[in-house]
Amino acid sequence: MNLVAPAGLAFASLIPILIIFYLLKVRRHEQEVSSTYLWEQLHRDLVAHEPWQRLRTSLLLLLQILLMALLTLGLARPFFTANAQASDNVVLLLDASASMQATDVKPSRFEAARNAARELVGRLSDDATGTIVRVKDHPEVLVQGATKNQLFDTLNHVSVSTGTTNMKEALQLALSLNKGKTRSQIFVISDGAVPPMDDLQVGDAEVHFLPIGASGENQGITVLSSRPDPGDPQRQHIFVRVENFGQSSVFNLLSLYVDGKLMDSTDLQIPGRGKAEHVFTNVPPGAKVVEARLRDADQFPADNSAWLVLNQVGAYKLLLVTQNNLFLEKAVNLLPNVEVFKTEPRRYVGIDPSQYSVFVFDGYLPQDLPNGNMLLINPPPAEWLPITTDTIPRPKVTSYDRDDPLLNYVQFSDMQLSKVKDVDPPEWAKVLAQSGGHPLLLAGNNAGRKMVILPFDLHWSNFGLLPGFPIFISNVMNYLQPNDPSEIKAPSPGDSVLIQPLPQSDEITVRKPDGSSRTFKPAGKPIGYNDTDATGLYQVSQRSQGKTLQEQMFAINLTSPAESDIAPHATLELGGAKLRPNEAIDWTPAKHEFWPWVLLAAVCLLTFEWYWYHRRS
Amino acid sequence: MAASFLEPVLLRRLERLGLVSRKRVANQIKGERRSVQRGSSMNFVDYREYVPGDDVSQLDWNVYGRLDHLVVKLFEDEQNVTVHLLVDNSKSMDWGDPNKLQLALQLAGGLGYVGLSNFDRVQCATFSDTLGVTFGPARNQREAHNLFAYLTEVKPAGETNFEAALRSYVMQNRRPGLAIVFTDLLSHSSFETGVKCLLERGYEVALIHILAPAEVRPSIGGDLKLVDRETGRYVDVTLNQRALNLYRERYQGWTQAIEGFCGRHGILYQRIETSEPLDKLLFQTLRKRGLVA
């Protein structure tokens with residue numbers, strides 16, 4: 001400890017004066033009385049005739065001497081010297097991905113990273129500012145341009161996630177935050193389990209890497225998938241891949257649980273930095289959920305289990321309303337799990353549409369649309385569908401979306417058309433194929449009903465004769481079929497999940513793996529659910545007036561080899577260069593004055609002295 | 001002088017009172033006071049055996065005729081009393097509002113006037129460290145004027161020394177009687193020794209203990225240097241509640257010790273505060289106490 005203003009110690013000369021005050025007797029006012037006879041010997045304090053008195057032990061005196069000593073110290077402005085950041089601004093990229101949950105560093109890598117960040121912040125000069133970015137699948141700026149105290153407070157509240165690391169995006173963000181600033185540094189506090197970022201150019205920015213982690217021993221499930229049994233489509237085969245990210249070969253027991261019950265187990269020998277695969281073939285028909293689980297716990301338990309929701313689609317009813325369309329009838333009848341009912345447009349009014357889940361209207365559109373998804377072929381104009389009766393002759397397919405699931409394996413460009421109706425695409429519809437600005441295929445969700453629209457009669461084209469036509473119809477029905485679990489994609493932790501509400505649904509409840517739940521009012525629009533940090537099974541209940549319409553499930557798994565590979569990296573590959581730990585950190589000794597704390601102690605002491613004095617008197 | 005010392009109305013009321021002496025006194029002069037000394041009045045009291053030398057005129061011949069035994073008749077003797085008014089005029093008495101010395105002098109004047117009105121022999125003296133100027137003896141009401149003049153001239157002086165002053169007084173006066181001592185007893189000297197001098201010489205002692213209310217219930221406070229008016233001594237005190245409580249305890253112990261001493265020695269003791277009116281003290285307090293009747 002040193003002093004900025006040693007002259008302040010002169011204040012200590014008042015301490016002897018204080019003691020003299022205690023040695024001196026109290027100055028008293030004279031008061032004449034008839035006699036002091038009765039006053040004498042009342043109290044030992046009452047009789048003392050010397051101007052000085054013996055110094056007695058007094059807590060008040062001790063408190064006041066201590067108070068004077070503290071004030072003297074405060075006036076001398078004490079400080080201690082510590083290495084501090086030379087920069088005025090720092091950006092801390094704190095890795096909060098799933099691999100930071102690893103416990104090879106006690107209590108966890110994330111806690112170690114948090115402590116490292118605290119130490120860095122503690123070394124900042126008092127007037128420096130900082131930014132903290134929580135790095136996971138998407139970077140999250142927790143605080144920007146904050147003071148040391150704000151940085152400490154933020155670090156106290158930051159938490160780890162179960163998501164993947166997108167360090168590249170985080171670094172790009174940090175670089176943009178630092179742009180134009182001098183004396184600025186970026187600190188990456190991570191286990192380095194991130195993909196190479198060779199294409200990221202940091203320019204003149206000063207980036208430092210603080211590696212966290214000690215061991216890379218981990219086995220994790222990186223693939224869990226199902227496929228129908230070729231011999232019995234009602235049964236499923238479960239494929240599991242387990243990878244060993246450690247250096248030595250290990251044995252582990254892989255178990256498969258079906259709907260919560262153990263069904264099968266197998267011993268796996270997994271070579272170092274290798275993988276082992278297994279297919280479970282004896283899953284009973286009707287199974288809904290399977291869970292693959294590794295027996296031996298390791299330093300990273302998040303990837304030791306994985307869940308899979310099996311296809312839950314049952315047979316559904318399809319109503320085909322057409323006036324003899326042979327191509328269409330044949331293609332629809334080829335669909336599995338579909339009960340096809342056919343009627344003519346003039347008889348549609350006599351049918352109860354609530355019996356059917358999917359409708360195909362060919363050249364016809366009812367006045368009142370039924371509840372359900374539908375394929376509209378050559379539809380007549382309607383209020384909600386701005387389609388003309390005028391046709392465009394000989395349109396050519398100028399473009400179509402090959403990547404859309406509806407057009408998978410469909411060579412739409414092979415189609416020849418004699419004419420097509422002109423459609424003004426509604427807002428809810430996406431144009432998937434067009435001819436010079438005239439839509440040829442539209443799809444979208446119209447107020448809770450999924451619709452696919454072909455604005456031409458199949459007889460006006462050769463589409464029905466093409467090999468891709470049955471595939472197209474199959475794709476369309478996969479899109480339109482109800483209760484499609486694929487509607488809820490199973491993403492990685494932290495991703496947003498899109499939940500499609502049923503037309504009748506007025507309430508959707510999502511129950512998390514820990515049992516907590518959240519309820520939404522769908523209002524006919526898809527719901528983006530993003531509280532998916534926890535791995536496990538999520539249940540989605542759709543209800544109407546308290547009655548359950550549909551129960552769905554989706555699984556969130558950490559099947560990411562990049563996260564499961566928790567081996568700490570001593571270097572960070574960045575812009576073609578390798579970043580080493582603490583490389584060229586510009587430390588400089590800095591004075592940290594702590595007189596405010598001394599002053600605070602003096603105030604506390606003064607308060608206590610006041611209390612003590614009044615308590616005594 | 002007398003008119004200004006005590007109100008005429010008060011004097012007229014005092015004429016109806018008389019001092020009560022509870023002790024037998026031997027007096028040569030027959031007065032109006034009824035004494036328990038057997039004497040030659042007409043009030044028969046008792047018989048006793050005849051011894052040679054007795055007045056044969058006092059023999060009861062009727063008894064001799066019946067019993068053949070010589071006895072002498074004893075009669076209650078009516079005598080007057082010598083009243084000694086002893087006023088402490090030390091500096092400690094010159095204190096308080098109303099002033100303690102002033103009240104002591106008025107009481108002495110009042111009681112002296114009662115004595116003179118009953119043809120008692122009245123003597124008066126002041127004392128502090130020594131005996132002061134004395135007055136008397138006076139025997140009748142006409143001399144009350146001189147008594148009041150004497151009392152008016154009394155000034156506070158000196159420290160109290162009971163033993164020296166009272167011993168000196170009894171040495172000068174060979175005629176004991178009712179000694180009424182007016183004092184505040186606030187002295188380091190032992191009042192007991194002085195009072196015992198009076199008792200040993202056959203005086204009947206009444207002690208009128210005069211205190212100011214501020215001495216009984218001090219109302220001062222703070223860091224004070226208390227200066228003794230009489231001795232000039234001082235005491236440094238921090239007068240907080242605790243110190244006042246200690247004072248009260250000491251005061252109670254002191255007064256109880258005085259009462260105990262007086263009780264043991266047959267001394268009539270009356271403690272009065274200067275805040276009490278003079279007529280109430282004379283006609284109620286001292287009357288109840290049996291000093292006047």
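Before reading on, note that the structure itself is shown above.
Keep in mind it's a predicted model, so treat the numbers as computed, not measured.

Draft legend 1. Here's a closer look at the overall build of chain A. Within chain A, the secondary structure is distributed over nine helices and 34 strands. Taking all 617 residues of chain A together, 36% fall into the buried category. For chain A, restricting intrachain contacts to residue pairs at least 6 apart in sequence, the fraction spanning at least 24 positions comes to 69%.

Draft legend 2. A look at the interface of chain B and chain A. If you look at the interface, chain B gives 31 residues, while chain A gives 21 residues. Looking at the side of chain B that touches chain A, the elements that each hand over two or more residues are β9 (222-228), β10 (234-239) and α9 (241-264) of chain B. For the side of chain B that touches chain A, the leading source of residues is β9(B), giving seven residues. The residue inventory of the side of chain B that touches chain A, partitioned by class, reads 15 nonpolar, six polar and 10 charged. Inspection of the sheet shows strand β2 (residues 29-33) of chain A paired to β9(B) by five bridges, in the parallel sense.

Draft legend 3. Quick look at the nonpolar core. In terms of nonpolar packing, the biggest core is built from 66 residues, with B:Leu86, B:Ala104, B:Ala108, B:Ile180 and B:Phe182 touching the most fellow members. Of all the elements, helix α4 (residues 100-117) of chain B adds the most residues to this core, at 10 residues. When neighbours within four sequence positions are excluded, B:Phe182 is seen to be in contact with B:Leu86, B:Val87, B:Asp88, B:Ala104, B:Leu107, B:Ala108, B:Ile208 and B:Ile210. Grouped together as the second largest cluster of nonpolar side chains are 49 residues, A:Leu120, A:Leu124, A:Ala193 and A:Ile212 included.

Draft legend 4. Region of the structure containing the sheet that holds strand β7 (residues 184-190) of chain A. Residue and element names in this part refer to chain A. A sheet is described by the order of its strands in space; here five strands give the open sequence β6-β5-β4-β7-β8, paired in mixed fashion. Only two strands of the sheet have a single neighbouring strand rather than two, namely β6 (140-146) and β8 (206-211). Each neighbouring strand pair of the sheet contributes to a mean axis angle of 15 degrees, computed without reference to strand direction. Pairing of β7 with β8 involves six bridges; the strand directions are parallel. Bridging across to β8, Ile186 finds its partner in Val207. Against the sheet, helix α4 (residues 148-157) engages β5 (129-135) and β6, with an angle of about 160 degrees to β6.

Draft legend 5. The packing of helix α6 (residues 162-172) of chain B against helix α7 (residues 191-200) of chain B, seen in detail. All names here are of chain B. Relative to each other, α6 and α7 sit at 10 degrees, their axes nearing to 7 Å. Between α6 and α7, the crossing angle belongs to the class labelled roughly parallel. Where α6 approaches α7, its residues Phe162, Glu163, Ala165, Leu166, Arg167 and Val170 are matched on the opposing element by Phe191, Thr193, Gly194, Cys197 and Leu198. For the contact of α6 with α7, the residue count by class is seven nonpolar, two polar and two charged.

Draft legend 6. Seen up close, the sheet that holds strand β31 (residues 547-556) of chain A. All names here are of chain A. Strands sit in the order β28-β27-β30-β31 across an open sheet of four strands; the sheet is antiparallel. Each edge of the open sheet carries a strand with a single partner, namely β28 (517-520) and β31. Averaged over all pairs of adjacent strands, the angle between their axes in this sheet comes to 20 degrees, without regard to strand direction. Direction of pairing for strand β27 (residues 507-511) relative to β28: antiparallel, over a ladder of four bridges. Bridge assignment links Arg511 to a residue of β28, and that residue is Ser517.

Draft legend 7. Region of the structure containing α4(B). Residues and elements named next belong to chain B. Over its 18 residues, α4 runs 26 Å from end to end, which matches the ideal 26 Å to within 8%, given 1.5 Å per residue. Burial analysis of α4 places 17 of its 18 residues in the buried class, the great majority of the element. Positive backbone phi, approximately 60 degrees, marks Phe119, located one or two places after α4.

Draft legend 8. Geometry of the pairing of strand β4 (residues 89-95) of chain A. Residues and elements named next belong to chain A. Counting buried residues along β4, six of its seven residues qualify, which places the element largely inside the surrounding structure. Examined bridge by bridge, β4 and β5 share seven bridges and lie parallel to one another. Within β5, the position partnered with Val91 by the bridge is Thr131. Taken together, β4, helix α3 (residues 109-122) and β5 constitute a β-α-β crossover, and its handedness is right-handed. Where β4 meets β7, six bridges bridge the pair, whose relative direction is parallel.

What counts, and where the lines are drawn
- Chains are numbered independently. Their residues run from 1 in the order of the written sequence.
- Ligands are numbered from 1 and chains lettered from A, in the order in which they are written.
- A pLDDT threshold of at least 70 governs which residues receive local features in this predicted model, and a stricter bar of 80 or more applies before side-chain atom pairs are shown or counted, although totals over entire chains, interfaces and linings include all residues.
- In DSSP terms, a helix is any run of H or I states spanning at least four residues, a strand is any run of E spanning at least two, and both are numbered starting from the N terminus.
- As a rule, residues whose C-beta atom has 12 or fewer other C-beta atoms within 10 Å are exposed, those with 20 or more are buried, and those in between are partly exposed; C-beta atoms are placed from the backbone.
- A residue pair is marked as a contact if its C-beta atoms, positioned from the backbone, fall within 7 Å.
- Following the grouping adopted for this structure description, the nonpolar residues are Ala, Val, Leu, Ile, Met, Phe, Trp, Tyr, Cys and Pro, the charged ones are Asp, Glu, Lys and Arg, and the polar ones are all others, Gly among them.
- Paired strands, in this sense, are two strands between which DSSP finds at least two bridges.
- In these notes, a nonpolar core means any group of buried Ala, Val, Leu, Ile, Met, Phe, Trp, Tyr and Cys residues linked to one another through C-beta atoms within 7 Å.
- Simply put, an axis is a line fit to the C-alpha atoms, just over the touching stretch for a helix, and the angle between two N-to-C directions goes from 0 to 180 degrees.
- Any angle that falls under 35 degrees is termed roughly parallel, while one over 145 is termed roughly antiparallel, one within 65 to 115 roughly perpendicular, and all others oblique.
- In this analysis, the expected span of each helix is defined as 1.5 Å times one less than the number of residues it contains.
- When the strands point away from the viewer, a crossover counts as right-handed if the path from the first strand over the helix to the second runs clockwise.

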